[in-house]
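So the chains spell out like this:
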Amino acid sequence: AHLANDRPDRAINTLRQFETLRPGTAEASFQRSRAYGAMGDLRKARQELEEALTREPAHARVNLALGRLALRDGKPDVAAKIAERLSNLVGQFKV
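This is a predicted model, so every value here is computed, not measured.

Engineer: Got a minute to help me understand the overall build of the protein chain in this structure?
Structural biologist: Helix and strand counts for the protein chain stand at five helices and zero strands. Of the regular secondary structure in the protein chain, the N- to C-terminal order runs α-α-α-α-α. Put simply, the protein chain has 95 residues, and 35% of those count as buried. Of the contacts made within the protein chain by residues no fewer than 6 positions apart, 42% connect residues no fewer than 24 positions apart. Carbon and sulfur atoms make up 54% of the accessible area of the protein chain, which amounts to about 6,200 Å² in all.

In structure tokens form, the structure reads like this:
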């Protein structure tokens, strides 16, 4: 709610508290990355995404966000590898 209300600083604190209740999940790190991105701190946003990826390598939104950052940084080769990983993840889910 804080992130939606343009209060990313409060979102970060709330998400740190959330993480104590659900340690080991990627969601809090992913949401913190969004908050840091909203504040313009892409270095911390990337760190949070990388942390989330170590917790849940198959987290699609984390992979997508990392791919977007790679493209923004002018690293299409890194983005392509992430896109391939995402494609493989999606292929694992048969409907």
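Additional details are given in the paragraphs that follow.
Engineer: Is there a simple way to explain the nonpolar core in this structure?
Structural biologist: Grouped burial of nonpolar side chains is what soluble globular proteins tend to show. Ala26, Phe30, Leu49, Ala52, Leu53, Val62, Ala65, Leu66, Leu69 and Ile82 form the largest nonpolar core, which has ten residues in total. Within the residue set of this core, elements represented by two or more residues are helix H3 (42-55) and helix H4 (60-72). Broken down by element, the residue count for this core peaks at four residues, all from H4. Setting aside its immediate chain neighbours within four residues, Phe30 contacts Leu49, Ala52, His59, Arg61, Val62 and Ala65.

Engineer: For this particular structure, what's the right way to read the packing of helix H2 (residues 27-38) against H3?
Structural biologist: The contact between H2 and H3 brings their axes to 8 Å, and the two run at 170°. On the basis of the axis angle, H2 is roughly antiparallel to H3. Along the contact surface, H2 presents Ser29, Phe30, Arg32, Ser33, Tyr36 and Gly37, while H3 presents Leu42, Lys44, Ala45, Glu48, Leu49, Glu51, Ala52 and Arg55. In terms of residue class, the contact of H2 with H3 is made up of six nonpolar, three polar and five charged.

Engineer: Even after reading the chapter, I still don't get H3, so can you show me in this structure?
Structural biologist: The α-helix advances 3.6 residues per turn, and as a result positions three or four apart in sequence lie on the same side. Between its terminal C-alpha atoms H3 stretches 20 Å, which fits the 20 Å expected from 14 residues at 1.5 Å a residue. Along H3, the positions that sit buried rather than exposed are Ala45, Glu48, Leu49, Ala52 and Leu53. The arc that holds the buried residues of H3, viewed along the axis, is 140°, so those residues lie on one side. Of the exposed residues in H3, the ones pointing more than 90 degrees away from its buried face are Arg43 and Thr54.

Cut-offs applied
Residues numbered from 1 in each chain as written. Predicted model: local features only at pLDDT ≥ 70, side-chain atom pairs only at ≥ 80, totals over all residues. Heavy atoms only, no water. Helix = DSSP H or I, 4+ residues; strand = E, 2+ residues; numbered from the N terminus. Buried < 20%, exposed > 50% of the residue type's maximum accessible area, 1.4 Å probe, protein only. Contact = heavy atoms within 4.5 Å. Areas by Shrake-Rupley, 256 points an atom, 1.4 Å probe, with all protein chains shown as cover. Core = buried A, V, L, I, M, F, W, Y, C linked by side-chain atoms within 4.5 Å. Axes fitted to C-alpha atoms, helices over the stretch in contact; angles between N-to-C directions. Parallel < 35°, antiparallel > 145°, perpendicular 65-115°, else oblique. Nonpolar A, V, L, I, M, F, W, Y, C, P; charged D, E, K, R; others polar. Expected span 1.5 Å × (residues − 1). Arc of directions from axis to C-beta.

Everything listed here is a matter of coordinates, which is why it stays silent on function.
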